[in-house]
Amino acid sequence: MRKVDFFVMSAIVMLAGCGGNGASEATATNAPADAPATEAILPAASDAAVATPPVMPPPVPMPPAPPASDISAPPPAPPPPVSSVTPEAMKGVKGARAVLLTWARALENRQFGTAWDQFGNPPASRAAFTKWWQRYRTITVSAPTGEMEGAAGSSYYTAPAIVTGETIEGKPFRLQGDVILRRVNDVDGATPAQLRWHIESADMKAAGS
């Protein structure tokens with residue numbers, strides 16, 4: 001009886017082992033021949049990760065502008081050039097001609113008040129002087145030469161001048177005469193105005209008169 005049971009149990013174990021192998025073979029046999037291998041499917045997730053654009057770093061902020069107090073001021077302008085005419089030279093011909101040319105250019109530019117200022121003792125009031133010269137529409141002054149002389153503690157510079165142009169009516173005119181400039185030499189009691197060159201007289205008359 002025990003021998004029969006043993007053989008029965010052995011047969012059952014052998015059948016169970018054969019059944020397991022058949023199932024495995026069936027599973028392998030039933031798979032399609034052209035099915036892709038497992039390794040060919042798995043990288044799909046990796047391909048999607050590679051296609052994702054890289055994350056750019058945030059822009060670096062620019063440093064803030066310095067406050068106005070920290071900005072250095074521009075360098076100061078260079079000083080004006082020193083005139084080649086020294087105070088001593090202004091006492092001579094250069095000083096006299098500087099005043100003469102100021103008077104001449106002021107008339108040409110119709111700045112009659114400036115021309116009037118060059119006189120030590122103006123021959124008329126500023127208004128009368130201006131009105132007299134306003135009769136001329138264009139004015140050109142020529143005073144190329146002059147002579148220096150001294151007398152009684154003063155220096156004089158005399159220059160013949162010619163003034164030409166057109167009147168307001170469009171007629172030509174010509175004036176001529178001597179412009180005499182004077183300055184008091186360095187003497188005690190002289191005022192600053194007397195020590196400067198100024199026009200003493202400008203006797204301009206119409207040509208031929």
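So, here is what we can say about the structure in this document. For clarity, every value in this text was computed on a predicted model and none was experimentally measured.

## Topic: the overall build of the protein chain
Part 1: Along its length, the protein chain carries eight helices and six strands.
Part 2: When the helices and strands of the protein chain are placed in sequence order, the string is α-α-α-α-α-α-α-β-β-β-β-α-β-β.
Part 3: A burial count over the protein chain gives 20% of its 209 residues as buried.
Part 4: Put simply, 50% of the contacts in the protein chain that link residues at least 6 apart link residues at least 24 apart.
Part 5: Total accessible area on the protein chain stands at roughly 15,300 Å², and carbon and sulfur atoms take up 63% of it.

## Overview of helix H7 (residues 126-133)
Part 1: Of the positions making up H7, those classed as buried are Phe-129, Thr-130 and Trp-133. Around the axis of H7, the buried residues are gathered within 95° of arc, so they sit on the same side. Exposed side of H7, more than 90 degrees from the buried face: Ala-127 and Lys-131 are the residues found there.

## Observations concerning the packing of aromatic side chains
Part 1: Counted under the stated rule, the structure contains six aromatic pairs.
Part 2: Where Phe-119 meets Phe-129, the ring centres are 5.9 Å apart and the plane angle is 70°; that geometry is what we call edge-to-face. Linking Phe-119 in the loop between helix H6 (112-117) and H7 with Phe-129 in helix H7, this pair joins segments that are ten residues apart in sequence.
Part 3: Seen from their ring centres, Trp-132 and Trp-133 are 5.0 Å apart, and the 80° between their planes marks the pair as edge-to-face.

## Looking at the side chain of His-198
Part 1: Considering the arrangement of structural elements, one finds His-198 in strand S5 (residues 198-202).
Part 2: Here Arg-196 takes part through its backbone oxygen, which lies 3.2 Å from a polar atom of the side chain of His-198.
Part 3: Engagement of the side chain of His-198 in a polar contact is seen with the side chain of Glu-200, the distance being 3.3 Å.
Part 4: Excluding residues that lie within four positions of it along the chain, His-198 makes contacts with Val-99, Gln-118, Phe-119, Gly-120, Ile-180, Leu-181, Arg-182 and Ala-193.

## Some words on the pattern of salt bridges
Side chains that differ in sign of charge can pair as their charged atoms come close.
Part 1: Applying the stated criterion across every chain, the model contains eight salt bridges.
Part 2: One salt bridge connects Lys-91 with Asp-186, and the closest N-O pair in it is separated by 2.8 Å. Taken together, the residues Lys-91 in the loop between helix H4 (87-90) and helix H5 (93-108) and Asp-186 in the loop between strand S4 (172-184) and helix H8 (192-195) connect sequence positions 95 residues apart.
Part 3: Put simply, Asp-203 and Lys-205 hold a salt bridge, and the shortest N to O gap is 4.0 Å.
Part 4: Residue Asp-203 is classed as partly exposed on the basis of its relative accessible area, which comes to 45%.
Part 5: Among the charged side chains, a salt-bridge network with shared partners connects Glu-88, Lys-91, Arg-183 and Asp-186.

## A closer look at the pairing of S4
Part 1: Pairing analysis gives 13 bridges linking strand S3 (residues 154-167) to S4, with the strands arranged antiparallel. Within S4, the position partnered with Pro-160 by the bridge is Asp-178.
Part 2: Two successive antiparallel strands, S3 and S4, enclose a turn made up of four residues, where Gly-170 displays a positive phi of approximately 90°.
Part 3: Here S4 pairs with strand S6 (residues 205-206) via two bridges, running antiparallel. Of the residues in S6, the one forming a bridge with Gln-176 is Lys-205.
Part 4: Examined bridge by bridge, S4 and S5 share four bridges and lie antiparallel to one another. Along S5, the bridge assignment pairs Leu-181 with Ile-199.

## Considering unusual backbone geometry
Across residues other than glycine, the phi torsion is negative in most instances, and most of the peptide bonds are trans.
Part 1: One non-glycine residue, Arg-110, adopts positive backbone phi at about 60°.
Part 2: In this structure, Arg-110 sits in the loop between H5 and H6.

About the thresholds
Residues numbered from 1 in each chain as written. Predicted model: local features only at pLDDT ≥ 70, side-chain atom pairs only at ≥ 80, totals over all residues. Heavy atoms only, no water. Helix = DSSP H or I, 4+ residues; strand = E, 2+ residues; numbered from the N terminus. Buried < 20%, exposed > 50% of the residue type's maximum accessible area, 1.4 Å probe, protein only. Contact = heavy atoms within 4.5 Å. Areas by Shrake-Rupley, 256 points an atom, 1.4 Å probe, with all protein chains shown as cover. Arc of directions from axis to C-beta. Phe/Tyr/Trp six-rings, centres within 6.5 Å; stacked < 30°, edge-to-face > 60°. Polar contact = N/O pair within 3.5 Å; in protein donor to acceptor, adjacent residues only side chain to side chain. Salt bridge = Lys/Arg side-chain N within 4 Å of Asp/Glu carboxyl O. Pairing = 2+ DSSP bridges.

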